[in-house]
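The lines below spell out each chain.
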Amino acid sequence: MHTGTAAAAVATATPLATTVAGLLDGLADAYQSALAVPGVAIAVVVLFLAFGAVVSTYAIRLLGRPVARRFARESVAHVVLRGIRLVVVLLFGAAGLSAAGVELGSIVLSVTVFSAVVAVVLAPIVGSIISGVFVLADQPFEIGDMVELPDGTRGFVDDITLRYTKVFTVDNTFEVIPNSYIRDQRITNLSAEDERTRLSLAILVTYESDIDRARSLIERAAASCEAVIEGGPDIRIGVARYPAKPTCYIDSFGDHGVELTLRYWAKNPFKPLTVRSQVQTAVWDILEEDDSIDVEFAYPHSHLVFDDTSGVAQVTMREEDAVSHERATHESHAAPGEDGVADGAGSASGEN
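Residues numbered from 1 in each chain as written. Predicted model: local features only at pLDDT ≥ 70, side-chain atom pairs only at ≥ 80, totals over all residues. Heavy atoms only, no water.

- Under an unreviewed UniProt entry, the chain has the name Mechanosensitive ion channel family protein and belongs to Halobaculum magnesiiphilum.
- A UniProt comment under Sequence similarities (unreviewed entry) is attached to the chain, and it reads "Belongs to the MscS (TC 1.A.23) family." (UniProt positions renumbered as here; feature names shortened; annotations may be inferred.)

Here is the structure:
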């Protein structure tokens, strides 16, 4: 009884399997024939790549948080996520090439030959990628840090890739810098671990000023600015410690006055010119608010002294200036003459 039922089932399934197999063979033949049409193979590869791009987007969304928790540095997490996206797209691209009937062994051989030919052209790019690996490993800066380039440009690190680093400058422009350049040049990180930055200001006062009073007033003016650290524990840099409050020193004795140097710490390096202007305004106000303060700003001044050894000055005057000068000289000579006559007459009468 059971044997007959099983035989009937096999007899029924055999025609169905044969039909399905025949249908699949027909579809495969039709697909191979379609691949022979120009452009169909390329369309298949593009379709796989597009599907891979969509899948990579979902993969990034799925793995974004775990990768961010795994890597503390944002730049490294971005590079890892870009690598995941690239791997997914490449896998779908390889699948598309296989579906298009392209042998991967031939592609590998062609790529090897092509790479050997264009190695010289790709050398700078490869160098930038290697430099990017070192930048990520050495950690000279991180996304969000404020840096200063060798030409004095300041900006914030916006993105770090294996090939380049993108800096958003304070002038609202983008600087795309190859990582090979960053390795060879001196890049100053202004906000790596401690955003506090020390700035200095040179102030020239006269020799007649009360120097001690001037130093005290300048320090008080700087401490009154909101963006300046007014005091507190000393700031440690390496093994050295520096006072956190503004400090004014006698720097040098110049030709026109005593040069004082004010050193102060700004709370952050983002707007150094603004902080400097605020400090200078406060110094100006505190030194000018009271006339009794015996402190004056010095300015360059010169005295020209002529004597017998100075030589002769050749002076040329315009015609109208010459006439005015002659008239003034005549009047100045006439007045003493009249006084002289009167004085002479008086003297004569007195003697008589």
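From this point, things continue past the structure.
What about the overall build of the chain?
Logical step 1: For the chain, the helix and strand inventory stands at nine helices and ten strands.
Logical step 2: Classification of the 352 residues of the chain by burial places 24% in the buried group. (Helix = DSSP H or I, 4+ residues; strand = E, 2+ residues; numbered from the N terminus. Buried < 20%, exposed > 50% of the residue type's maximum accessible area, 1.4 Å probe, protein only.)

Examining the environment of Ile-286
Logical step 1: Note on placement: Ile-286 falls in helix H8 (residues 272-288).
Logical step 2: Note: C-alpha distance between Ile-286 and Ala-221 (65 residues apart in sequence) is 6.6 Å.
Logical step 3: Leaving out residues up to four positions away in the same chain, Ile-286 has contacts with Leu-217, Arg-220, Ala-221 and Ile-293. (Contact = heavy atoms within 4.5 Å.)

Regarding the nonpolar core
Logical step 1: One finds Leu-260, Leu-262, Tyr-264 and Val-279 to be the most contacted residues of the largest nonpolar core, which totals 26 residues.
Logical step 2: For this core, the secondary structure elements donating two or more residues are strand E6 (197-205), helix H7 (211-223), strand E10 (258-266) and H8.
Logical step 3: Among residues more than four places away in sequence, those in contact with Val-279 are Leu-201, Ala-222, Cys-225, Val-228, Leu-262 and Tyr-264.
Logical step 4: Ranked by size, the runner-up nonpolar core spans ten residues in total, among them Ile-160, Val-167, Ile-177 and Ile-182. (Core = buried A, V, L, I, M, F, W, Y, C linked by side-chain atoms within 4.5 Å.)

Some words on H8
Logical step 1: The first and last C-alpha atoms of H8 sit 24 Å apart over 17 residues, in line with the 24 Å expected at 1.5 Å per residue.
Logical step 2: What H8 keeps buried is the set Val-275, Val-279, Ala-282, Val-283, Ile-286 and Leu-287. Within H8, the buried residues cover an arc of 120° as seen down the axis, which keeps them to one side.
Logical step 3: For H8, the elements touching its buried residues are E6, H7 and E10. (Expected span 1.5 Å × (residues − 1). Arc of directions from axis to C-beta.)

Digging into the packing of aromatic side chains
Logical step 1: For the structure shown, the criterion picks out three aromatic pairs.
Logical step 2: Aromatic side chains Phe-156 and Phe-270 sit 5.4 Å apart centroid to centroid with 50° between the ring planes, which places their arrangement in the tilted category. Highlighted residues: Phe-156 in strand E2 (residues 154-160) and Phe-270 in the loop between E10 and H8, separated in sequence by 114 residues.
Logical step 3: Given a relative accessible area of 29%, Phe-270 falls into the partly exposed group.
Logical step 4: Ring geometry for Phe-168 and Phe-174: centres 4.9 Å apart, planes at 65°, overall edge-to-face.
Logical step 5: By relative accessible area, which is 30% here, Phe-168 ends up partly exposed.
Logical step 6: According to the relative accessible area criterion, Phe-174 is partly exposed, its value standing at 45%.
Logical step 7: The ring of Tyr-242 has Arg-198 lying over it, and the distance from NZ or CZ to the ring centre is 4.6 Å. (Phe/Tyr/Trp six-rings, centres within 6.5 Å; stacked < 30°, edge-to-face > 60°. Lys NZ or Arg CZ within 6 Å of the ring centre and 35° of its normal.)

Looking at the sheet that holds strand E3 (residues 164-169)
Logical step 1: Taken in spatial order, the five strands of this open sheet run E4-E3-E2-E1-E5, and their pairing is antiparallel. In this open sheet, the two strands that pair with only one neighbour each are strand E4 (174-178) and strand E5 (188-189).
Logical step 2: Examined bridge by bridge, E2 and E3 share five bridges and lie antiparallel to one another. Note that in E3 the partner of Asp-159 across the bridge is Lys-166. (Pairing = 2+ DSSP bridges.)

Concerning the pairing of strand E9 (residues 247-253)
On any regular strand, side chains alternate: one points to one face of the sheet, the next to the other face.
Logical step 1: As defined by bridge partners, E9 adjoins E10 across six bridges and the pair is classed as antiparallel. Its bridge partner lying in E10, Thr-247 is registered against Arg-263.
Logical step 2: Linking E9 to E10, which pair antiparallel, is a turn of four residues.

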